Amino acid sequence: WGISRIIDALEVLPEANVDLTRIAVSGCSFQGKIALFAGAFDERIALTLPHESGGGGTISWRYSDMLEDRDHTEVENLHHALGAPWYAEALAQFVNSPNQLPFDHHELIAMIAPRAVLAIESSRIARMGAEAARIDALAARDVFAALGVPFRMGATEEDTDHCVWHNGFTPDLEAYVDRYLLGDESVDTDILRSKYDVDVATWIPWETPTLP
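Residues numbered from 1 in each chain as written. Predicted model: local features only at pLDDT ≥ 70, side-chain atom pairs only at ≥ 80, totals over all residues. Heavy atoms only, no water.

Caption draft 1: Summary view of the nonpolar core. Among the nonpolar cores identified, the biggest contains 14 residues, and Leu 36, Ile 109, Ile 112, Val 117, Phe 144 and Met 153 are the most heavily contacted of them. If you list the elements that add at least two residues to this core, you get helix 2 (30-41), helix 5 (105-110), strand 3 (116-122), helix 6 (130-146) and strand 4 (153-158). With 3 residues, helix 6 is the single largest residue contributor to this core. Here Leu 36 is in contact with Thr 48, Pro 50, Gly 57, Thr 58, Leu 108, Ile 109 and Ile 112, once residues within four sequence places are set aside. (Core = buried A, V, L, I, M, F, W, Y, C linked by side-chain atoms within 4.5 Å. Buried < 20%, exposed > 50% of the residue type's maximum accessible area, 1.4 Å probe, protein only. Helix = DSSP H or I, 4+ residues; strand = E, 2+ residues; numbered from the N terminus. Contact = heavy atoms within 4.5 Å.)

See the structure below:
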């Protein structure tokens, strides 16, 4: 809400000399969740850059629940989301049955289409669920592909501490900035980097149609 109000203000303040066609939003952890939601709900944002946003961000509720059971480690699934003030109380009914959720967060990422998004993840912090982010990135990218712009949905991943920038992220970030903020259409943004080999057939069982 606050990000959208800032853009509202910039629209009526031409003296700020801001190009409103080249707005990006970014943040890490809780702020990464905010960045993702801002990009999904405000079409004036050209580039969305959620960084290690965890549960309620770029990771799948369903997959994160499976990860915690499989790996016997804490992942930011629905159990760990309870009590945080930014979640609706109605979410609690799905804590023990995330498969009954009427949505998952690949759909939130896909709301950004056809605008650009680069998800930035760390594989070092189990709680932040980088593997669950991988499945969401692949599922969301199907929607971008259906719209003919798969290269506008990217994901990059490194082994680094929480919210600590890794030099490996830099060329991927620069590619997205160069293309979607600076207008260099020659830059390759077909980026989906991850160490995780996820079971796509099980977790993405649908076929996405080509959309107009």
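From this point, the narrative continues.
Caption draft 2: Here's a closer look at the packing of aromatic side chains. In this structure the tally under the stated criterion is 7 aromatic pairs. Among the aromatic residues, ring-to-ring pairing joins Phe 30, Trp 61, Trp 86 and Tyr 87 into one connected group. (Phe/Tyr/Trp six-rings, centres within 6.5 Å; stacked < 30°, edge-to-face > 60°.)

Caption draft 3: The side chain of Glu 121, seen in detail. Looking at where Glu 121 falls in the secondary structure, it is placed in strand 3. An unpaired buried charge is present at Glu 121: no salt bridge exists, and Lys 33, the closest side chain of opposite charge, is 9.6 Å distant. Sequence-distant contacts of Glu 121, that is, excluding residues within four places in its chain, are made with Glu 52, Ser 53, Thr 58, Ala 130, Ala 133, Thr 156, Glu 157, Glu 158 and Phe 169. (Lys, Arg positive; Asp, Glu negative; His and termini not counted. Salt bridge = Lys/Arg side-chain N within 4 Å of Asp/Glu carboxyl O.)

Caption draft 4: Broad picture of the packing of helix 3 (residues 61-71) against helix 6. Across the interface, helix 3 lies against helix 6 with an axial gap of 9 Å and an inter-helix angle of 145°. Crossing of helix 3 over helix 6 shows right-handed handedness. For the pair formed by helix 3 and helix 6, the contact residues are Tyr 63, Ser 64, Leu 67 and Arg 70 on the first element and Glu 131, Ala 132 and Ile 135 on the second. The class makeup of the residues in the contact of helix 3 with helix 6 is 4 nonpolar, 1 polar and 2 charged. (Axes fitted to C-alpha atoms, helices over the stretch in contact; angles between N-to-C directions. Left-handed = near helix turned anticlockwise from the far one by under 90°. Nonpolar A, V, L, I, M, F, W, Y, C, P; charged D, E, K, R; others polar.)

Caption draft 5: Seen up close, unusual backbone geometry. Residue Pro 114 is bonded to the preceding Ala 113 through a cis peptide linkage, with omega at 5°. Note that Pro 114 resides in the loop between helix 5 and strand 3. The phi torsion at Ser 29 lies on the positive side, around 65°, for a residue other than glycine. Topologically, Ser 29 is positioned in the loop between strand 1 (24-28) and helix 2. Unusually for a residue other than glycine, Cys 163 sits at a positive phi of about 60°. Tracing the backbone shows Cys 163 in the loop between strand 4 and helix 7 (170-180). Assessed through its relative accessible area of 34%, Cys 163 is described here as partly exposed.

Caption draft 6: How the structure looks around the pairing of strand 1. Strand direction decides the pairing type here: strand 1 and strand 2 (residues 47-51), joined by 5 bridges, are parallel. Residue pairing for strand 2: Val 25 is matched across the bridge by Thr 48. The β-α-β motif built from strand 1, the intervening helix 2 and the parallel element strand 2 has right-handed crossover chirality. (Pairing = 2+ DSSP bridges. Right-handed = clockwise from strand over helix to strand, strands pointing away.)

Caption draft 7: Quick peek at the sheet that holds strand 2. Pairing is parallel in the open sheet, where 4 strands are placed in the order 1-2-3-4. Unpaired on one side and paired on the other, strand 1 and strand 4 mark the two borders of the sheet. When strand polarity is set aside, the average angle formed by the axes of neighbouring strands in this sheet is 10°. Where helix 2 meets the sheet, it contacts strand 1 and strand 2, and its direction lies at approximately 155° from that of strand 1.

Caption draft 8: Broad picture of the pattern of salt bridges. Enumeration over the complete set of coordinates arrives at 17 salt bridges. Between Arg 141 and Asp 190 there is a salt bridge whose closest N-O contact spans 2.1 Å. Pair noted here: Arg 141 is in helix 6 and Asp 190 is in the loop between helix 7 and helix 8 (200-203), with a separation of 49 residues, a long-range link. Note on Asp 190: relative accessible area 49%, which makes it partly exposed. Among the charged side chains, a salt-bridge network with shared partners connects Arg 5, Asp 8, Glu 11, Asp 42 and Arg 44.

All we've got here are geometric facts, nothing functional implied.
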